[in-house]
Amino acid sequence: MSPLPADQASIRFMGPHWQRGRRQQVLWNLTLYTLQHYRKVHANDTNAFIEIGNTETEPYDITVALPVRQIDLPVIRKTLIMIRGYKRLRPGRHEFGATH
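None of these values were measured; they are calculated from a predicted model.

Asker: Give a detailed account of the pairing of strand β4 (residues 60–66), specifying residues and quantitative values.
Answerer: Burial runs high along β4: 5 of the 7 residues are buried. Alignment of strand β2 (residues 22–34) against β4, held across 7 bridges, turns out to be parallel. Its bridge partner being in β4, Y33 is matched across the sheet by A65. Bridge count between strand β3 (residues 48–52) and β4: 4 bridges; the pairing is antiparallel. Paired with E51 across the bridge in β4 is T63.

Asker: Could you give me a rundown of the pattern of salt bridges, with the residues and numbers involved?
Answerer: Once their charged atoms are close, side chains differing in charge can pair, the charge on each being opposite to the other. Per the stated rule, a full pass over the model turns up 2 salt bridges. Of the charged contacts, one joins D45 and R39 as a salt bridge, the two residues approaching to 3.5 Å between their closest N and O atoms. Ionic pairing is found between R93 and E51, a salt bridge with its closest N-O pair at 3.1 Å. Taken as a pair, R93 in strand β5 (residues 92–96) and E51 in strand β3 lie far apart in primary sequence, 42 residues in all.

Asker: So what about helix α1 (residues 35–42)? Which residues, and what values?
Answerer: Buried within α1 are the following residues: L35, H37, Y38 and R39. In the core, the buried residues of α1 are packed alongside β1 (8–19), β2, β3, β4 and β5.

Thresholds applied
- Residues numbered from 1 in each chain as written.
- Predicted model: local features only at pLDDT ≥ 70, side-chain atom pairs only at ≥ 80, totals over all residues.
- Heavy atoms only, no water.
- Buried < 20%, exposed > 50% of the residue type's maximum accessible area, 1.4 Å probe, protein only.
- Helix = DSSP H or I, 4+ residues; strand = E, 2+ residues; numbered from the N terminus.
- Pairing = 2+ DSSP bridges.
- Salt bridge = Lys/Arg side-chain N within 4 Å of Asp/Glu carboxyl O.
- Contact = heavy atoms within 4.5 Å.

This is how it looks when you write it as structure tokens:
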């Protein structure tokens, strides 16, 4: 949904979500940032993260900030693999990586 390469991209995709003890395919709205761009825009010195918003109605919102130079097609593909590989994603922020 966004021109590439970029510091931020919006992606809509089908992916797994655990609800009521069952794994279901749902529609996600992903906002993907380079970590440097996210820190600049949000004046926040956070680690890389995945943040799941409200999961009451589709499409579900998910925000991801990664320590990459730019968002391009390979980064998007790897991010989708990472999200689809997470077991039982839950609402909230899930940080990973080292603090800078």
